[in-house]
Amino acid sequence: MDALARQGSDIRVGDVVLLRTGRMRRWPDPAAYALAEPGLNLEGARYLARAGAMVIGSDNIALEQMPTADPENYNVVHTYLLAEAGVPILEAVNLEELAAERVYEFAFLGGAIRLRGATGSPIRPIAMPLGR
């Protein structure tokens, strides 16, 4: 909510919400990028889904904080968003250029590969700024 206030943004039903943790600055070093990840927690996932987010993505490899705080569920945010809220996720999205240019609102295009029987697919995400 603080980030939204700082950016002068809000979340509307049907929005694609992308969260920048800054993790992409450590790419492609596997130890620096993939271990002890910052990310979304269950409370944040619930807030975004209830606010109407249609898709939620981030610049880290798992979207959520890793390791998880829940010893019974290794991917508590994945479980909630995918199985309970029906919200697809994006991972490893490079958001550095958008952040550097302070682009907070944009039209999102996601060109997916059609893979029959798969549980995920690479996409080509494109952000088209709405205005300055």
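Each remark here, short or long, concerns the structure printed above.
Predicted, not measured: the structure shown is a model, and the values here were computed from it.

Every buried residue of helix 3 (residues 42–51) is accounted for by Gly 44, Ala 45, Leu 48 and Ala 49. Viewed end-on, helix 3 has its buried residues packed into an arc of 130 degrees, placing them on one side of the element. Along helix 3, the residues that are exposed and aim more than 90 degrees away from the buried face are Glu 43 and Arg 50. Those residues of helix 3 hidden inside the fold are in contact with strand 1 (16–19), strand 2 (55–58) and helix 4 (76–85). Where helix 3 begins, one side-chain oxygen reaches toward the backbone nitrogen of Glu 43, 3.3 Å away; that side chain belongs to Asn 41.

Okay, the sheet that holds strand 2 next. In space, the 3 strands of this open sheet follow the order 1-2-3, with parallel pairing throughout. The open sheet is flanked by strand 1 and strand 3 (89–90), the only strands paired with a single partner. Sheet topology note: the strand 1/strand 2 ladder contains 4 bridges and is parallel. Its bridge partner being in strand 2, Leu 19 is matched across the sheet by Ser 58.

Calculation rules
- Residues numbered from 1 in each chain as written.
- Predicted model: local features only at pLDDT ≥ 70, side-chain atom pairs only at ≥ 80, totals over all residues.
- Heavy atoms only, no water.
- Buried < 20%, exposed > 50% of the residue type's maximum accessible area, 1.4 Å probe, protein only.
- Helix = DSSP H or I, 4+ residues; strand = E, 2+ residues; numbered from the N terminus.
- Arc of directions from axis to C-beta.
- Contact = heavy atoms within 4.5 Å.
- Polar contact = N/O pair within 3.5 Å; in protein donor to acceptor, adjacent residues only side chain to side chain.
- Pairing = 2+ DSSP bridges.

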